[in-house]
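Fold and geometry: a report
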Amino acid sequence: MCGIVGYIGANDSKGILLHGLEKLEYRGYDSAGIAVLNDNGVHLTKVKGRIVTLKESMDNSNSVEATLGIGHTRWATHGEPSTLNAHPHQSTSGKFTIVHNGVIENYQDIKRNYLEAVDFVSETDTEVIVQLIEKLYDEFQNTIKAFQEAMKLLKGSYAIGMIDVDDPNTLYVSKNKSPLLIGLGDGFNVIASDAMATLKETDQYLEIFDKEIVLVHRNHVEIQKLNGKVVDRQPYTAEIDASDIEKGTYPHYMLKEIDEQPIVIRNIIKEYQDENNEVKLDDSIRNAMQEADRVYIIAAGTSYHAGLIGKEFMEKMARIPVEVHVASEFSYNMPLLSEKPLFVFISQSGETADSRAVLVKIKEMGHPALTITNVPGSTLSREADYTLQLHAGPEIAVASTKAYTAQIAVLTILAADIAKAKGLELEFDPIKELAIVSSAMEVLTDQKEEIEQLAGIYLDTTRNAFFIGRGLDYNVSLEAALKLKEISYIQAEGFAGGELKHGTIALIEEGTPVIALATQENVNYSIRGNVQEVVARGANALIISMRGLEQDTDAFVLPKVHELLTPLISVIPLQLLAYYAALHRDCDVDKPRNLAKSVTVE
Ligand code: M6R
């Protein structure tokens, strides 16, 4: 987590840094800071809180002009969110100033072994890096050498931008595991955790690989290995439409992204269909899937919930056995693997550290990996053997919405393609049914007023809520509960309808909201039975059913789509319920407390 931006050029850097940080705020937003260098030295501004507070603080202070600067927006790992712990951090003499994203695993060892005499001012692992560089500088009297040697000693993840007060012509950069890009301009260069931060400046980017050092000057950039060997690399053009990362007339990114779901499904159809309107995938992916005797889906949060649905598709449509694992658990508690496993990583950002830790491990074991991601070129995409793209466009709100449905749609395509390759008969035409889904999504996104009313009735005054379902509906219930708790802070749980009576029903009291999904014919009566059980104990039940299975008392009826694809549409009113519940409680919908969009720490 955390976002980094840097600029070296001919113009004043502050506006560019602040704009970049605003675009990176999704990566963390508990404190922020900027350091700029001019003839009078380094000028540091740090605040607890958001970029808007940083901006105010800079407006209020006598702000200086400077053509070299670095900025940071933080998601705290070591040390509470505070001005003191906010980046940039400086070495004791003030010679070096750095911003850092990642976690230094051996920072205590470094402190003990090299920096016993240093008085630290913050609780961060980052300050250890900058003090170490100063210590090594004292020894070598050479900044590049000190920077290289420091990077060799660090264990863990880092993306670093550094200023040397005595060198106004260089921005020192390095990375390991955490993302960082160099943006190339005419007479200037920038660095950023994500190209979105600096798209206004340039669309030309240089990738940096792990354990490389980059010396960024105004008119050129030099990439080196840690041993000083210079590396030649060609830039690429970032293909992000700048308008995709603006909210436009929407009050929140989350609402915009919910509304984008029909078009995302159409994009996916367009990307993954051939001239005969049949699903098409890369041969290499198809072969890898067919060679596997078992698929292991690895993911976190919402992507894990999409994986649960993917398992149903792959087993029911393509007859491949699938296990779905939470990434952070799998790393440390690996199950007995099959003979020929294939790993499928599902990750919107492609940067989730928990998933990456598994990827690194299974690659060492020699197993093949496919990443399903929204971000081509992301770490998980680069390091896996194959990638399937979500084509959902940038997702900015911390709460994932369109990425979830895009993941499910791509998993539909994947399962259908393998089924076709295996000569299995599908009971539906995936392309046609996804097109129906897209239209059904449009109907649902037009029903915001109705859903806002339901949010008012069921969620405005409650302290907790339950979502229940059976089969696919149970998997969607898990996602609905995550969405609600994540942004409205209402304690919410997703449960299998039949499981409540084994303990959790004890929590049902007069007025407890229970939101039940009833979209699956084979369990339509049993889930309704579970609803009766909670109603008998005072629950305020809201049933969301599907056309064809509805009953008079159902509060909301979804348009009919193929039964296997219902998660793609049943989640939409649930996303909107969470959105309005959070809005009614005056919560910060797009940037909920304690969270960040891209979770790059384990
Ligand atoms: O980028 P990823 O899909 O790997 O992220 C995984 C989770 O951190 C993410 O889905 C998280 O649960 C969402 N904020 C939930 O809305």
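Residues numbered from 1 in each chain as written. Predicted model: local features only at pLDDT ≥ 70, side-chain atom pairs only at ≥ 80, totals over all residues. Heavy atoms only, no water.

With that settled, the discussion passes to the overall build of the protein. Within the protein, the regular secondary structure consists of 18 helices and 25 strands. Seen through its C-alpha atoms, the protein measures out along the principal axes to roughly 75 × 50 × 45 Å. Looking at the protein as a whole, 60% of its 602 residues qualify as buried. In the protein, the share of contacts with a sequence separation of at least 24, taken over all contacts with a separation of at least 6, comes to 72%. Carbon and sulfur atoms make up 46% of the accessible area of the protein, which amounts to about 23,300 Å² in all. Of note, the protein has its 56 positive side-chain charges centred 3 Å away from the centre of its 86 negative side-chain charges. (Helix = DSSP H or I, 4+ residues; strand = E, 2+ residues; numbered from the N terminus. Buried < 20%, exposed > 50% of the residue type's maximum accessible area, 1.4 Å probe, protein only. Contact = heavy atoms within 4.5 Å. Areas by Shrake-Rupley, 256 points an atom, 1.4 Å probe, with all protein chains shown as cover. Lys, Arg positive; Asp, Glu negative; His and termini not counted. Charge placed at Lys NZ, Arg CZ, Asp CG, Glu CD.)

Around the ligand, the surrounding shell holds 15 residues, and the nearest of these are S303, S347, S349, T352 and E486. Between T302 and the ligand, the recorded distance is 3.1 Å, taken from a backbone N or O atom to an oxygen atom. At a separation of 2.6 Å, an oxygen atom of the ligand approaches a polar side-chain atom of S347. Expressed as a share of its isolated accessible area of 410 Å², the protein-covered part of the ligand is 91%. Taken together, the elements giving at least two residues each to the shell around the ligand come down to helix 9 (301–318) and helix 16 (472–488). Here the shell around the ligand spans two domains, and each of domain 2 (254–442) and domain 3 (447–602) adds at least three residues to it. (Near = heavy atom within 4 Å. Polar contact = N/O pair within 3.5 Å; in protein donor to acceptor, adjacent residues only side chain to side chain. Domains from an automatic or database assignment.)

Here we come to the pattern of salt bridges. Tallying each qualifying case throughout the model produces 34 salt bridges. For R112, the salt bridge is made with D109, and the minimal N-O distance between the two is 2.5 Å. Of this pair, R112 and D109 both sit in helix 3 (residues 107–114), three residues apart, which is roughly one turn of the helix. Across the pair R547 and E550 runs a salt bridge whose closest N-O atoms are separated by 3.0 Å. The class of R547 is partly exposed, set by a relative accessible area of 43%. Because the salt bridges share partners, they merge into one network encompassing K175, D210, R356 and E383. (Salt bridge = Lys/Arg side-chain N within 4 Å of Asp/Glu carboxyl O.)

In spatial order, the strands read 3-2-4-1-10-9-11-15; together these eight strands make up an open sheet with antiparallel pairing. If you trace the sheet from one side to the other, it starts and ends with strand 3 (41–48) and strand 15 (236–237), each paired once. Bridge analysis of strand 1 (residues 3–8) against strand 10 (residues 189–192) gives four bridges, and the strand direction is antiparallel. Opposite V5, over in strand 10, you have A192 as the bridge partner. In the packing of helix 1 (residues 14–24) onto the sheet, the strands contacted are strand 1, strand 2 (31–38) and strand 4 (68–74), and the crossing angle to strand 1 comes to about 160°. Its contacts with the sheet put helix 2 (residues 51–60) on strand 2, strand 3 and strand 4, and the angle it makes with strand 3 is roughly 135°. (Pairing = 2+ DSSP bridges. Axes fitted to C-alpha atoms, helices over the stretch in contact; angles between N-to-C directions.)

Here the focus is the packing of aromatic side chains. By the definition in use, this model includes nine aromatic pairs. On the numbers, 5.6 Å between centres and 70° between planes, the contact of F96 with Y137 is edge-to-face. Remark: Y137 occurs in helix 4 (residues 125–140) and F96 occurs in strand 6 (residues 96–101); sequence separation between them is 41 residues. On the numbers, 5.8 Å between centres and 80° between planes, the contact of F330 with F343 is edge-to-face. Within this pair, whereas F330 is found in helix 10 (residues 327–330), its partner F343 is found in strand 18 (residues 341–347), the two being separated by 13 residues in sequence. By relative accessible area, F343 is classed as buried at 0%. Linked through ring pairs, Y296, F330, F343 and F345 together constitute an aromatic cluster. The ring of F140 carries K145 above its face, with NZ or CZ at 5.1 Å from the centroid. In this structure, R233 is placed above the aromatic ring of F209, and the distance from its NZ or CZ to the ring centre is 4.0 Å. (Phe/Tyr/Trp six-rings, centres within 6.5 Å; stacked < 30°, edge-to-face > 60°. Lys NZ or Arg CZ within 6 Å of the ring centre and 35° of its normal.)

Moving on: the packing of helix 9 against helix 13 (residues 402–421). The relative placement of two packed helices is expressed as an angle between their axes plus a distance between the axes. Close contact between helix 9 and helix 13 brings their axes to 9 Å; oriented N to C, the two are set at 20°. Between helix 9 and helix 13, the angle is such that the two are roughly parallel. Pair helix 9 / helix 13 crosses with right-handed handedness. Taking contact as the criterion, the partners of T302, S303, H305, A306, I309, G310, F313, M314, M317 and A318 in helix 9 are, on helix 13, Y404, Q407, I408, L411, T412, L414, A415, A416, I418 and A419. In terms of residue class, the contact of helix 9 with helix 13 is built from 14 nonpolar, six polar and no charged. (Parallel < 35°, antiparallel > 145°, perpendicular 65-115°, else oblique. Left-handed = near helix turned anticlockwise from the far one by under 90°. Nonpolar A, V, L, I, M, F, W, Y, C, P; charged D, E, K, R; others polar.)

Running from N to C, helix 13 and helix 18 (residues 567–584) cross one another at 175°; their axes reach a closest spacing of 10 Å. Looking at the two axes, helix 13 sits roughly antiparallel to helix 18. Residues Y404, T405, I408 and A409 of helix 13 form the contact with helix 18, whose participating residues are P567, L568 and V571. Within the contact of helix 13 with helix 18, the residues separate by chemical class into six nonpolar, one polar and no charged.

Without other data, these values stay purely geometric and don't point to any function.
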